[in-house]
Structure formats: C-alpha cells, structure tokens
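Listed below are the residues making up each chain.
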2 protein chains.
Amino acid sequence: MRIPVAVRRYLPVLDWGRDYDKSALSNDLMAAVIVTIMLIPQSLAYALLAGLPPEAGLYASIVPILLYAVFGTSRALAVGPVAVVSLMTAAALGNIADQGTMGYALAALTLALLSGVMLLVMGVFKLGFLANFLSHPVISGFITASGVIIAASQIKHLLGIDASGGNLAELLMSIWGNLGNVNWTTVSIGVSATLFLFWVRKGLKPFLRARGVGPRAADVATKAGPVAAVVVTTLAVWFFDLAGQGVKIVGAVPQSLPPLTMPDLSFDLMGNLLLPAFLISVIGFVESISVAQTLAAKRRQRINPDQELIGLGAANIGAAFTGGYPVTGGFARSVVNFDAGAQTPATGAYTAVGLAIAALALTPLVFFLPQATLAATIIVAVLTLVDFTILKKSWSYSKSDFAAVLTTMLITLGSGVELGVTCGVVLSIFLHLYKTTKPHIAEVGLVPGTEHFRNINRHDVETCPTVLTLRIDESLYFANARFLEDCIYDRLAGDTCLRHVVLMCSAINEIDFSALESLEAINTRLRDMGIKLHLSEVKGPVMDRLKKQHFISDLTGSVFLSQHEAYVALGKVAA
Amino acid sequence: MRIPVAVRRYLPVLDWGRDYDKSALSNDLMAAVIVTIMLIPQSLAYALLAGLPPEAGLYASIVPILLYAVFGTSRALAVGPVAVVSLMTAAALGNIADQGTMGYALAALTLALLSGVMLLVMGVFKLGFLANFLSHPVISGFITASGVIIAASQIKHLLGIDASGGNLAELLMSIWGNLGNVNWTTVSIGVSATLFLFWVRKGLKPFLRARGVGPRAADVATKAGPVAAVVVTTLAVWFFDLAGQGVKIVGAVPQSLPPLTMPDLSFDLMGNLLLPAFLISVIGFVESISVAQTLAAKRRQRINPDQELIGLGAANIGAAFTGGYPVTGGFARSVVNFDAGAQTPATGAYTAVGLAIAALALTPLVFFLPQATLAATIIVAVLTLVDFTILKKSWSYSKSDFAAVLTTMLITLGSGVELGVTCGVVLSIFLHLYKTTKPHIAEVGLVPGTEHFRNINRHDVETCPTVLTLRIDESLYFANARFLEDCIYDRLAGDTCLRHVVLMCSAINEIDFSALESLEAINTRLRDMGIKLHLSEVKGPVMDRLKKQHFISDLTGSVFLSQHEAYVALGKVAA
C-alpha cells in the first residue's frame with residue numbers, strides 16, 4: 001500500500017511505524033520504564049511550580065506524549081511539562097486568577113489551547129524560522145535567569161514558609177521577612193533531599209564505579225536518585241507523622257485517567273493570554289527543537305522543524321482537552337529517554353501508558369510525599385541549566401552579543417521571562433541592524449602575483465592612481481544606502497586624478513529599491529564630475545534584478561565579471 | 001581669533017558668517033523677498049490645516065527660521081510649517097483637545113517642544129542614522145497617501161460645508177452626506193482658484209515664454225501665482241461682500257510679533273504626545289534632510305545630518321516658546337529659496353524679518369481672504385507630491401519593496417500617517433531580516449583560465465570531486481546560523497567522495513556568537529565524517545574576531561587567503 005506524500009508529511013508515524021521490529025520494541029519498552037519512573041515526581045513538581053494541582057502534571061504528560069508520538073519527527077524527544085514553561089504559565093496566569101481556583105485551572109487549559117493552535121499554524125505556514133530570531137546569547141541569558149528564578153521560587157517550600165513576589169528581588173525580600181516562621185522539620189527534609197540529589201548527580205557515579213559497579217548499572221542508579229529521595233522522604237513523613245509537625249505534603253491526588261476538559265473560550269481571557277501564549281509557544285519550541293536537534297545529530301538523524309511545530313501544537317491542544325497545561329519537549333526527560341535507548345517515538349506511547357497506570361493506581365502512594373522533596377528535585381534540575389560563563393564567553397567575542405545576554409538576564413531577573421526575552425530579541429535585532437547601517441567599506445588593491453584583491457590598509461597590494469576600487473562589505477538596503485553615498489563623496493573630495501570608481505560587489509547580497517536609487521544618484525553625480533562608475537563581481541541574483549531596471553544601461557562604466565578583469569581593463573586605459 | 005572646533009561643530013553660522021560679503025548679501029536679500037511673499041499665504045494655510053489659528057503659521061515661521069540659520073548646515077533649507085507635519089499635528093492633537101480651544105494651542109506648543117528636544121538629543125547623540133530605517137518605498141508611500149488625505153481634508157473648505165472623519169473613508173462619507181449644504185459662492189471661488197493655480201503651475205511658464213517673456217521673469221510670475229490668487233479673491237470678497245453670502249473668511253488676525261508662550265508641561269499631556277512627537281521628529285527630519293541633501297548636491301556642498309538634527313531641534317524649541325507648532329525644512333519653500341538664489345542661511349534671517357513685518361503690519365489685509373483660496377493653495381501644493389507610479393516601479397524591481405509601499409499607503413489612508421509609517425518601517429525591517437534568514441548559498445567552481453570562482457549553475461566552471469566549495473552570500477548571525485548547518489548537512493548526505501569542504505567567506509561581513517557556535521558544530525560533525533572544513537577569503541575584521549576564539553585552532557582544515565590558493569592546495573592533495 002502506498003501512502004500519499006502529503007499524508008506522510010504530516011504523519012511521520014507512518015514512516016517509522018512500518019519498520020518497527022522486535023529489537024526496537026524491547027529497546028523502547030526498557031526506555032519507557034525508566035522514563036516513567038523519573039517522570040512521576042517531576043510531573044508533580046512542575047505542576048506545583050505552575051501553580052496547578054499536582055495531578056495536572058501527570059495529565060499533561062499522557063495525551064500530549066501520545067499525540068507527539070504520532071506527529072513529531074524526533075525519535076528521542078520526550079514531551080511534557082518543563083521547568084521554564086511551567087514558570088511562564090504561572091506568570092501568565094498570575095494576572096488572571098488566583099492559584100488553586102477553578103478559573104486558574106481553566107485559564108491554564110486555554111493557554112495550552114492557544115499555544116497549541118499557534119504552534120500548529122506556524123507549522124502549517126512553515127514559520128519555524130521565527131524561532132531563529134532567538135539568538136544563542138538570548139537563549140542562554142533567559143535559561144540561566146529562569147533557572148535562578150525557579151530555584152528561588154522553591155526556597156519557600158524547602159523552608160516551609162509562605163513567600164511571594166512578582167520578581168526576584170521581591171521574592172527574596174519576602175523570604176527574608178518570613179524567615180522567623182521557618183519549619184525546621186521541613187528544612188531538614190528539604191535540605192537533606194537537595195544535598196542528596198546534588199551528590200547523586202555529581203558524586204554517585206564515580207563512587208559506584210570506584211567500587212566496581214558497571215557503567216550501565218551506575219547510570220541507572222544515578223537516574224533512580226530522585227525516586228529514592230521521594231520514597232525515603234514519603235516513608236519518613238508517614239512513619240513519623242511529620243505532617244502533624246507542619247510538613248506540607250502533596251495530599252490527596254484523584255485516582256483517574258486524564259479527564260476530558262473544555263478550555264474557557266471567552267474572548268476577554270483569550271485576548272489577555274495571546275501574548276503569553278505566543279511567547280510560551282516560541283520559547284517552548286526553541287527549547288524543544290534545540291534538544292531534538294542535539295539528540296538527532298548524535299545518531300545522524302534529521303528532524304523537520306516545521307513538522308516539529310505541528311507535533312508540539314498537537315501535544316498542546318491535547319493537553320488543553322485533558323486537564324493539562326502548556327507542554328514542550330524537555331531537556332532532562334529527553335536526555336534520559338535517549339540514554340535509556342529509546343529508538344522510536346513509540347517509547348512515548350509506552351511512557352504514556354505507564355503514566356496512565358500511575359495516575360489511575362499509584363496516586364495514593366504520593367499522599368505523604370513532602371512538597372519539600374519536590375522542591376529539591378526542581379532546584380537540582382534547574383541549577384544545572386544555570387551557566388553564567390556565557391557572560392565571559394560572549395564578552396570576549398563580541399560586545400553586542402554580550403549586551404544581548406546581559407540585557408536578557410537582567411530584565412528576566414527583574415521583570416520576568418516574557419519581558420526579558422522580548423527585550424533580548426529586540427535588542428539583538430537592533431544591534432544587528434545597527435551594524436549594517438555603517439558597513440565596512442575597504443579600498444582594495446591587487447595582491448602581487450595573484451588575481452586576488454585585498455584591503456590596502458591590511459595587505460601589501462598594487463593600486464592604480466586613476467582607479468579607485470571600493471569593496472563594500474554589506475548588502476545595500478535602505479538602512480545604509482545613504483551611508484554609501486556619503487562614503488564615496490567623502491573619499492572623492494580632493495582626489496583630482498581619479499577617472500574610475502569600481503564598486504567590488506562580492507559581498508553585496510542584495511540591492512533593494514532604496515539602494516538602487518542611491519546608486520543611480522552616485523552614477524549621476526560621478527558623471528558630472530567626469531568619473532566613470534563600474535561594478536565588478538556582481539552576484540547572479542543581484543544582477544538578475546538590476547537588469548530589469550535602466551540603471552545598468554545608464555551606468556557610465558561597465559560591469560566586470562571579476563575584479564581582476566576590471567583592473568586590467570581600466571589600468572590599461574590609464575596607462 | 002580662532003574659534004574652538006567644539007564650538008564650531010555646533011555653530012555652523014561661524015563658518016559661513018566669516019566669509020559673508022556684499023554679493024552674498026544682495027543674493028540673499030532678493031531670495032528673502034520672494035520667499036516671504038510666498039510664505040505668507042502658505043503659513044496661514046498650513047496653520048488652518050493643523051487646526052490652529054492662522055497667525056500660528058506666521059509665528060512658526062519667524063523664530064524657527066532664525067534659529068535654524070544659526071544651527072543648521074544647509075544653505076538653502078527653509079524651515080517652517082509644512083503640509084505633512086501639519087497634518088500629523090492635527091491628528092495628534094485631535095485626541096487631546098478640540099480645535100479652537102486654548103488647550104489645543106497649548107498642546108501644539110508642547111508637541112513642538114517635545115519634538116524639538118527629541119531632535120536635539122538625537123543630534124547630540126548622533127542618532128541621525130535612525131532616519132535611515134525609513135526606506136524610500138515607505139517614504140514615497142506615506143507622502144503620496146498623506147497628499148491624498150490632505151487634499152481630501154480641504155474639499156470641505158472648497159465647498160463651504162462642514163465635514164469631519166478619522167480616516168479617508170469617513171471623511172469622504174461625511175462630505176457626501178453634507179453635499180446638500182454646499183455654498184455655491186464658495187465653490188466658485190475655491191474651484192476657480194484651484195484651476196487657476198494648477199494652470200499657473202503647469203501652463204503659465206510655457207504660455208509666457210511663448211509670448212517672449214524672459215525665463216527669469218516667467219519663473220517669478222509662476223511663483224507669484226498663489227499671491228495673485230490671494231489678492232484677487234480677497235478683493236472680490238471685500239468688494240462684493242461675499243462674506244455676507246456665507247463665504248468663510250480668515251477674519252481678524254492679531255497684529256503682533258510672535259508672543260512669548262509657555263508650553264503645557266503636565267506629565268499626562270507629555271506622556272500622550274511622546275509617540276506622535278517622536279514620529280513627527282523622525283518624519284520631519286527625513287523630509288528636511290532629503291530636501292537639504294538634494295539641494296546641497298546641486299551646488300557640491302555637504303550637509304551634516306547630525307548637525308541638521310540640532311538645527312531642527314532648536315527651530316522646534318523656538319516654535320514652542322513663540323506661539324508656533326512643529327516645523328521642519330519644507331520641500332516647496334526650500335526649492336523656491338534655492339531657485340531665488342539664496343546663498344547662505346542668512347536668507348532665512350531676512351525672511352524672518354519680512355514675516356515679522358507681515359505679522360505686525362499686514363494681517364488686516366488678509367481679513368477678507370477666503371478660506372477656500374487657502375484650501376486651493378494647499379490642494380495644489382500637496383497633489384504635486386502624490387505619485388502612484390512608485391507602486392509600478394517597486395513592483396517591477398522587488399516584491400518586498402512593493403509590499404512596503406502598498407502597506408504604508410493603505411494603512412496611512414485607512415488609519416493615518418503614524419500607524420502607516422510605523423507599519424511600513426516594521427514590515428520593511430521584517431522583510432529585510434526574513435531575506436537574510438535563508439541566505440543564497442552557491443556551490444562555486446573555477447572559471448577556466450582565471451583565478452575567479454563562480455556559481456556552478458550559472459557559469460561553465462571547473463570543480464574537483466573531493467572538494468566542495470560553498471560561497472555563502474550573507475553575513476552569518478543568529479537568524480541564519482541554523483540554516484547554514486541544515487544546508488551543509490543536506491548537501492553532504494549521500495556524497496561519499498568528499499574530503500574537503502571550503503566555505504568561501506567573501507560575502508560574510510560578520511560572524512556573531514550564535515553563528516560561531518554553529519560553525520563549531522559543523523566543524524565537529526564534519527570531523528566525525530572524515531571531512532575537513534576550510535575557510536577562504538575571510539575578511540580582515542571577521543578574522544580579527546575569530547582569532548580571539550579557539551575555533552581557528554580547532555579547525556580541522558586551514559584558512560586560505562584566496563579561494564584560488566585553497567583550490568590549488570586541496571586539488572593537489574586530491575590529485
């Protein structure tokens with residue numbers, strides 16, 4: 001049976017599903033078991049971070065994973081709640097409703113729906129390139145800053161106090177002010193869980209390897225660390241009745257498959273959530289695609305960014321109708337999935353089944369799970385994302401990249417992820433454009449013995465007194481058209497022996513309408529001064545367009561294929 | 001006496017003032033007389049267009065001209081009320097207060113002050129490049145659309161009816177609904193004045209020349225046309241008492257030098273006017289600088305854009321404190337000034353004196369001047385700016401330039417200049433960036449018999465099967481870094497004999513931090529595939545920066561000065 005290409009484009013499952021065999025099945029099943037165990041505490045924790053009841057995290061991991069398995073192209077990506085998106089969800093909904101209310105949970109569904117629809121639309125219209133405007137410095141800046149904010153937001157759970165604040169400074173002040181109410185039992189659970197998890201992450205593997213444990217077993221032990229922390233602290237709370245001493249626990253979680261839910265579709269609410277939903281979509285997509293590409297590259301596989309948008313869109317729409325909240329492909333869970341040997345998206349389906357069983361049968365087991373343990377798993381997970389060295393690296397390479405990192409970090413810390421990322425993107429676009437407004441223009445000459453032309457100030461080159469050759473190191477467009485005119489007129493002022501100006505166009509990738517008008521003005525002005533204007537090394541696509549206009553026929557000089565031809569022809573005229 | 005450079009930078013008057021002689025004086029005086037006569041009706045008309053009392057137009061022409069003469073660099077620019085800025089003033093103030101109220105006039109002063117301060121700040125911080133982001137297509141689009149709107153707004157004065165509307169459609173509907181109230185005496189004055197002025201502009205000069213009148217006299221007669229229309233219609237209204245028949249006249253204009261005024265400095269008002277003031281500043285600056293550069297080029301003079309900002313800023317601040325409203329260098333008045341032989345900015349000073357005399361002594365003469373005549377002068381002036389051929393021209397050259405023109409025009413017509421220009425600028429920046437996200441990447445080969453390399457698909461070139469040379473026709477930055485990776489991996493897939501990939505960097509003007517990370521990823525990936533990555537023709541500034549990082553030392557291949565060297569070296573290895 002042949003499946004039409006159009007259908008296969010939108011359903012990658014048809015590609016890998018046909019070759020699915022026993023070996024893939026066993027690899028995928030094994031990976032699914034490991035991931036499921038890891039996801040249970042993580043999902044609960046991220047739901048709390050988003051201000052939602054813990055079961056929302058489980059629900060957001062079931063149907064979305066299944067839908068991504070059908071529509072996504074990455075073989076190892078694990079979709080579900082992630083730290084940054086959970087934080088952004090809490091920030092977006094904080095202005096709409098109070099945490100714990102029905103309106104808050106409904107708004108979370110609406111946010112997931114809007115975000116899903118946006119991702120789907122971007123995928124269908126192939127707008128994935130929009131994510132490219134988030135530069136690496138901006139991404140690094142906001143990930144690091146978000147990590148700090150998320151970790152700070154969990155401190156109150158570690159201490160067993162109440163604290164709140166719209167930004168990092170307020171939050172820290174609020175924690176400081178409430179330090180008197182610290183619950184020491186909670187602190188001992190939270191701090192020891194945090195220290196234990198850090199040690200598991202950094203020290204357990206070398207420790208086990210040194211004692212002769214095989215690498216694979218050591219790996220599994222490391223991944224089981226969070227589960228061990230959950231089990232031990234839950235048992236401790238139950239056995240010693242620590243809840244009676246003020247330790248906050250997860251409490252009753254309904255035993256149920258994901259419910260069918262209907263997002264709130266009121267225009268007011270949707271209007272308020274449009275911008276947050278857009279930013280969640282783009283940032284979620286960037287996080288997801290970065291992880292997916294990194295993992296795909298390791299196995300020489302390719303992923304399709306536009307189809308990824310569709311996969312993530314479907315996952316979010318699924319979350320909206322099954323009691324979840326915005327999801328995306330997470331870094332930690334995907335890496336675990338990959339390391340555990342997941343071979344196809346079917347792993348996701350098995351994970352979904354595992355989580356469904358957990359939601360249906362295992363939720364009573366987490367009744368006594370202390371919130372401090374969940375906070376510890378979040379803190380340890382996000383602090384690995386925090387990387388301030390990007391500041392130093394970008395500073396040494398380029399001040400404008402540094403400016404973008406710093407701005408994104410500071411504004412994210414001060415006013416939240418949404419404003420931070422927006423400012424970072426706007427600033428990096430502005431700085432990029434600014435650089436192009438004053439392009440580098442080099443006067444070039446012939447490198448002796450070759451046909452190659454280089455900057456007269458950097459290389460020992462031959463020139464001809466009647467010929468001025470300028471290499472313009474930028475596309476010509478409205479923002480720099482006038483600058484070129486100024487440069488040429490300034491260079492000509494006072495130079496009386498010049499007869500020819502050659503614009504070497506090897507670095508000109510576009511000449512727009514405004515720049516064409518400037519070139520026409522330059523041509524006319526030089527003609528009045530008795531100087532001919534020539535072009536050399538004009539690229540194919542640029543020449544195609546110039547030929548449609550009268551500029552080429554009005555040109556006082558010629559168009560040369562290579563700068564060397566121009567030099568030979570004009571040098572002879574002069575000699 | 002030597003004047004410090006820093007002082008001379010900000011006071012161009014010190015440059016030209018030192019060489020001022022008798023011949024310059026007589027030229028300037030003659031030009032001033034002609035310009036003064038032309039400016040009287042024009043200033044009154046533009047003030048009415050801005051919704052202000054007619055004398056505001058005179059006041060806005062006196063002190064601003066003097067200040068520009070001191071601080072400006074253009075020798076022929078005439079500063080004062082212009083059509084587009086008057087329209088934008090009316091639009092900005094329409095939301096603040098009712099026309100004819102004290103609040104409206106005060107807000108106009110505030111607008112001029114804000115605009116002046118912004119221009120001054122932009123000048124001091126050398127932000128004149130910001131104006132470059134208004135591309136020629138956007139400027140053409142909004143000038144044409146504004147011309148249409150301004151002409152439409154004057155129809156009611158020609159017909160002697162009331163009409164109003166927030167955009168063109170509403171305005172035309174309102175005129176249509178009021179057609180029953182047409183005052184036929186007004187119509188006969190207005191329409192005949194309009195026809196007369198069009199004829200003066202198009203037909204008078206050939207008519208006089210054909211009858212043996214000298215070219216200079218014919219020119220003067222053409223310029224005197226509007227004055228003739230003013231005199232004749234004013235006399236007619238007075239003699240036949242047409243005001244009694246419902247013809248609206250200018251009426252009493254106070255006989256006074258420009259008053260000292262204080263703008264309203266309340267925070268609320270300034271907050272509301274910030275954005276309009278910014279747009280008025282930028283658009284006014286663009287109009288002014290275009291005119292100034294055109295005129296300067298004709299006489300081989302140079303103007304300094306940043307100093308122009310200071311000159312215009314001073315002029316607007318002057319307008320704010322002397323009963324005016326936002327001003328800029330106008331096209332029509334500057335051309336008249338230039339044609340009349342103005343040689344230095346002193347012409348402006350003499351014009352100011354002329355207008356001051358007019359404000360003090362001649363205002364009773366315009367009592368009976370019909371508003372329909374002023375409307376006719378505005379219509380004829382702005383319709384010469386309307387040029388729809390830009391649509392065809394830009395369509396044939398580049399679809400994205402066309403999109404920018406069309407968007408600017410339609411949104412300006414539908415929702416006003418501010419939104420139209422903003423959308424036009426945003427769209428043209430977006431389209432420019434979009435083009436750079438998917439750069440042209442050409443596979444190149446050697447043009448036989450030369451050292452020149454061109455696209456293998458366009459030229460008949462030599463290549464070597466083990467060497468792939470890609471010329472990347474764009475700077476590498478965050479928005480296209482990932483695209484390059486995809487392109488290279490796609491090209492490599494299936495090609496098993498390749499051993500070398502050369503990136504020819506002649507068109508790469510910048511490599512930012514994100515692109516550097518992509519290059520590092522490509523280098524690593526190719527290394528794993530047993531392929532070496534080389535660079536050729538890297539520009540000086542780009543190489544300087546790359547050398548600071550470990551990328552060059554990690555590079556599996558070499559960096560070649562010219563592509564030809566790379567070809568020879570790698571071809572030999574293969575042979």
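No experiment lies behind these values; they were computed from the predicted model shown.

### Considerations on the overall build of chain A
The secondary structure content of chain A amounts to 23 helices and eight strands. Considered along the principal axes of its C-alpha atoms, chain A spans approximately 100 × 65 × 60 Å. Here chain A holds 575 residues, and 56% of them are scored as buried. Relative to all contacts within chain A whose residues are 6 or more apart in sequence, the contacts with residues 24 or more apart total 79%.

### Brief notes about the nonpolar core
Leu503 and Ile511 of chain A together with Leu503 and Ile511 of chain B are the most contacted members of the largest nonpolar core, which has 302 residues in total. Dropping the residues within four chain positions of it, Leu503 of chain A is found in contact with Leu470, Ile472, Ile488, Leu519, Leu533, His534, Leu535 and Ser536 of chain A.

### Some words on the interface of chain B and chain A
Taken together, the contact between chain B and chain A spans 73 residues of the former and 72 residues of the latter. Taken over both partners, the interface formed by chain B and chain A buries close to 6900 Å², and the fraction arising from carbon and sulfur atoms is 54%. Counting across the chain B and chain A interface gives six salt bridges. Asp473 of chain B is paired through a salt bridge with Lys539 of chain A; the nearest N and O atoms lie 2.9 Å apart. Taken together, chain B and chain A are joined by 31 residue pairs in polar contact (both at pLDDT 80 or more).

### Some words on the domain arrangement of chain A
Often the size quoted for an interface is simply the accessible area lost on bringing the parts together. Entries for chain A in the domain assignment read domain 1 (21-401) and domain 2 (441-574). Relative to domain 2 of chain A, the C-alpha centre of domain 1 of chain A lies at a distance of 56 Å.

### Some thoughts on the relation of the copies chain B and chain A
Rotating chain B by 180° and translating it 0.0 Å along the rotation axis places it on chain A, where the RMSD comes to 0.1 Å. Accordingly, the operation relating the two chain copies is best matched by a two-fold axis. When C-alpha positions in chain B are compared against the rotation axis, the closest is assigned to Ala507 of chain B, at 1.8 Å. The share of interface residues of chain B whose copies in chain A are also at the interface is 99%, consistent with both copies meeting through the same surface.

### Brief notes about unusual backbone geometry
Residues and elements named next belong to chain A. The backbone of Lys126 sits at a positive phi, close to 55°, despite the residue not being glycine. For Lys126, the location among the structural elements is in the loop between helix H6 (102-124) and helix H7 (136-159). Overall, the relative accessible area of 44% leaves Lys126 in the partly exposed class. The phi dihedral of Asp241 falls on the positive side, at around 50°, and the residue is not glycine.

### Brief notes about a nonpolar patch on the surface
All names here are of chain A. A grouping of Tyr10, Val117, Val121, Val124 and Phe125 is seen on the molecular surface, where their side chains present a nonpolar patch of about 430 Å² in accessible area. If one sorts the elements of the nonpolar patch by residue count, H6 sits on top with three residues. Relative to the elements of secondary structure, Val124 occurs in helix H6.

### Focus on the environment of Asn181 of chain B
All names here are of chain B. Within the secondary structure, Asn181 sits in the loop between helix H8 (168-177) and helix H9 (184-210). Relative accessible area serves as the criterion here: at 52%, Asn181 is assigned to the exposed category. Between the C-alpha atom of Asn181 and that of Gly160, which follows or precedes it by 21 residues, the distance is 7.9 Å. Setting aside residues no more than four positions away along its own chain, Asn181 makes contact with Gly160 and Ile161.

### Some details on the side chain of Asn480 of chain B
All names here are of chain B. Of note, Asn480 is situated in helix H19 (residues 478-492). A polar contact is formed between the side chain of Asn480 and the backbone oxygen of Thr436, at a distance of 2.8 Å. There is a polar contact of 3.0 Å between the side chain of Asn480 and the backbone oxygen of Ser475.

### Observations regarding the packing of aromatic side chains
All names here are of chain B. Summed over the entire model, instances satisfying the criterion amount to 21 aromatic pairs over all chains. Relative to Phe207, the ring of Trp199 lies with its centre 5.7 Å away and its plane at 70°, an arrangement referred to as edge-to-face. Judged by relative accessible area, which is 39%, Trp199 ranks as partly exposed. Between the aromatic rings of Tyr477 and Phe478, the centroid separation amounts to 4.9 Å while the plane-to-plane angle is 75°, which identifies the pairing as edge-to-face. The ring of Trp395 has Lys399 lying over it, and the distance from NZ or CZ to the ring centre is 4.4 Å. Across from the ring centre of Tyr489, 3.8 Å away, lies the NZ or CZ of Arg525, which sits over that ring.

### Regarding the UniProt feature "domain: STAS" (unreviewed entry) in chain A
Those places that UniProt annotates as "domain: STAS" (unreviewed entry) correspond, in this numbering, to residues 457-570 of chain A. Split by type, residues 457-570 of chain A is 45% helix and 16% strand. Its first and last C-alpha atoms lie 22 Å apart.

### Examining helix H14 (residues 346-362) of chain A
With 17 residues, H14 of chain A should reach 24 Å at 1.5 Å per residue; the first-to-last C-alpha distance of 23 Å fits that figure. Regarding H14 of chain A, the residues found buried are Ala346, Thr347, Gly348, Ala349, Thr351, Ala352, Gly354, Leu355, Ala356, Ala358 and Ala359 of chain A.

### Notes on the pattern of salt bridges
Across all of its chains, the model carries 14 salt bridges over all chains by this definition. The shortest N-O distance in the salt bridge between Arg527 of chain B and Asp528 of chain B comes to 3.9 Å.

### As for the environment of Glu520 of chain B
All names here are of chain B. As for its placement among the helices and strands, Glu520 is situated in helix H20 (residues 513-528). As a C-alpha pair, Glu520 and Leu470 span 50 residues in sequence and 17 Å in three-dimensional space. For Glu520, the contacting residues outside a window of four places in its chain are His550 and Phe551.

### Considerations on the sheet that holds strand E4 (residues 453-455) of chain A
Residues and elements named next belong to chain A. One open sheet accounts for six strands, arranged E4-E3-E5-E6-E7-E8; its pairing is mixed. Either end of the sheet is taken by a strand with one partner, and the two such strands are E4 and strand E8 (559-560). Of the pairings in the sheet, the one linking strand E7 (residues 532-536) to E8 comprises two bridges and is parallel in character. The partner of Leu535 across the bridge, within E8, is Val559.

Analysis parameters
- Residues numbered from 1 in each chain as written.
- Chains lettered and ligands numbered in written order.
- Predicted model: local features only at pLDDT ≥ 70, side-chain atom pairs only at ≥ 80, totals over all residues.
- Heavy atoms only, no water.
- Helix = DSSP H or I, 4+ residues; strand = E, 2+ residues; numbered from the N terminus.
- Buried < 20%, exposed > 50% of the residue type's maximum accessible area, 1.4 Å probe, protein only.
- Contact = heavy atoms within 4.5 Å.
- Core = buried A, V, L, I, M, F, W, Y, C linked by side-chain atoms within 4.5 Å.
- Buried area = accessible area lost by both parts, 1.4 Å probe.
- Salt bridge = Lys/Arg side-chain N within 4 Å of Asp/Glu carboxyl O.
- Polar contact = N/O pair within 3.5 Å; in protein donor to acceptor, adjacent residues only side chain to side chain.
- Domains from an automatic or database assignment.
- Least-squares fit on C-alpha atoms with pLDDT ≥ 70 in both.
- Patch = residues over 30% accessible without salt bridge, like charges linked within 9 Å, V, L, I, M, F, W, Y side chains within 5 Å.
- Areas by Shrake-Rupley, 256 points an atom, 1.4 Å probe, with all protein chains shown as cover.
- Phe/Tyr/Trp six-rings, centres within 6.5 Å; stacked < 30°, edge-to-face > 60°.
- Lys NZ or Arg CZ within 6 Å of the ring centre and 35° of its normal.
- UniProt positions renumbered as here; feature names shortened; annotations may be inferred.
- Expected span 1.5 Å × (residues − 1).
- Pairing = 2+ DSSP bridges.

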